[in-house]
Amino acid sequence: MKSDRAFDREMKTFLSSHKSELIQHINSEYKKSGIKSYLCFFEEFLFNYGVISILALPLIDHNSYLPIINFRLPNIFNVPEGDLKLNESGLNLAASERALANFLISELSKMSLLNLSN
C-alpha cells in the first residue's frame, strides 16, 4: 500500500536493527500475524495496550496530513487519553508517516518486554 510505505520502511529498519527481548517479541508477533503492513500490524497489536488508532489524517483544505495517535486509559506509553497530534500544521504523507513511526520507535526504545505484561 502506498499510504504506509514510509511508516513500514522506518519500522522495518528499527525492528531489524534492535535485538532487545521486546523487539524480538514484536518481530515474532508480526510474523505470526501474517499481516504484510507494519502500520496495520501495529494498529492491531497496540490496540491491546491502549492505542486506539495510528493515522495520518488528511486535511481537506490542504494537501497535507496530521499524524495522530489516539489513546485510551490505561495505555502502554502512559500518554493521556485522547488524540496525540504529532504535528499541528500538517505534513506531506511520507513525513506524517515518519512522524508516527518515529514516535513509536522512541517509545518502544525505552521499554522492555515486562512493559507488555504490566
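Residues numbered from 1 in each chain as written. Predicted model: local features only at pLDDT ≥ 70, side-chain atom pairs only at ≥ 80, totals over all residues. Heavy atoms only, no water.

*Asks:* Can you help me understand helix H3 (residues 38-47) in this one?
*Replies:* At 3.6 residues per turn, the α-helix brings residues three or four places apart onto the same side. Within H3, burial applies to Tyr38, Leu39, Phe41, Phe42, Phe45 and Leu46. Along H3, the residues classed as buried sweep out an arc of 155° about the axis, all on the same side. Close packing links the buried residues of H3 with helix H1 (5-17), helix H2 (21-33), strand E1 (51-59), helix H4 (93-109) and helix H5 (114-117). Its side-chain oxygen at 3.2 Å from the backbone nitrogen of leucine 39, serine 37 defines the N-terminal cap of H3. (Buried < 20%, exposed > 50% of the residue type's maximum accessible area, 1.4 Å probe, protein only. Helix = DSSP H or I, 4+ residues; strand = E, 2+ residues; numbered from the N terminus. Arc of directions from axis to C-beta. Contact = heavy atoms within 4.5 Å. Polar contact = N/O pair within 3.5 Å; in protein donor to acceptor, adjacent residues only side chain to side chain.)

*Asks:* I'm lost on the sheet that holds E1 in this one. Help?
*Replies:* Note on sheets: strands pair through backbone hydrogen bonds, and any given pair is parallel or antiparallel. Spatial strand order, E1-E2-E3: three strands in an open sheet with antiparallel pairing. Each having just a single partner strand, E1 and strand E3 (82-85) make up the two edges of the open sheet. For this sheet the average axis-to-axis angle between neighbouring strands, irrespective of direction, equals 30°. Where strand E2 (residues 64-71) meets E3, four bridges bridge the pair, whose relative direction is antiparallel. By the bridge assignment, phenylalanine 71 is partnered in E3 with glycine 82. Against the sheet, H4 engages E1, E2 and E3, with an angle of about 25° to E2. (Pairing = 2+ DSSP bridges. Axes fitted to C-alpha atoms, helices over the stretch in contact; angles between N-to-C directions.)

*Asks:* Explanation requested: H4 in the structure shown.
*Replies:* Between its terminal C-alpha atoms H4 stretches 24 Å, which fits the 24 Å expected from 17 residues at 1.5 Å a residue. Of the residues flanking the start of H4, the one acting as N-cap is asparagine 92, its side-chain oxygen 3.1 Å from the backbone nitrogen of alanine 94. (Expected span 1.5 Å × (residues − 1).)

*Asks:* Sorry, what's going on with the packing of aromatic side chains here?
*Replies:* For any pair of aromatic rings, the description rests on two quantities: the centre-to-centre distance and the angle between the ring planes. Under the defined criterion, the tally for this structure stands at nine aromatic pairs. Between phenylalanine 41 and phenylalanine 42 the ring centres are 5.2 Å apart and the planes differ by 75°, which places this aromatic pair in the edge-to-face class. As far as burial versus exposure is concerned, phenylalanine 41 and phenylalanine 42 are alike and both buried. Note on phenylalanine 45 and tyrosine 49: the rings are 5.5 Å apart at their centroids and 55° apart in plane angle, and the pair reads as tilted. Here the aromatic residues Phe7, Tyr30, Tyr38, Phe41, Phe42, Phe45 and Tyr49 are joined through ring pairs into a cluster of three or more. (Phe/Tyr/Trp six-rings, centres within 6.5 Å; stacked < 30°, edge-to-face > 60°.)

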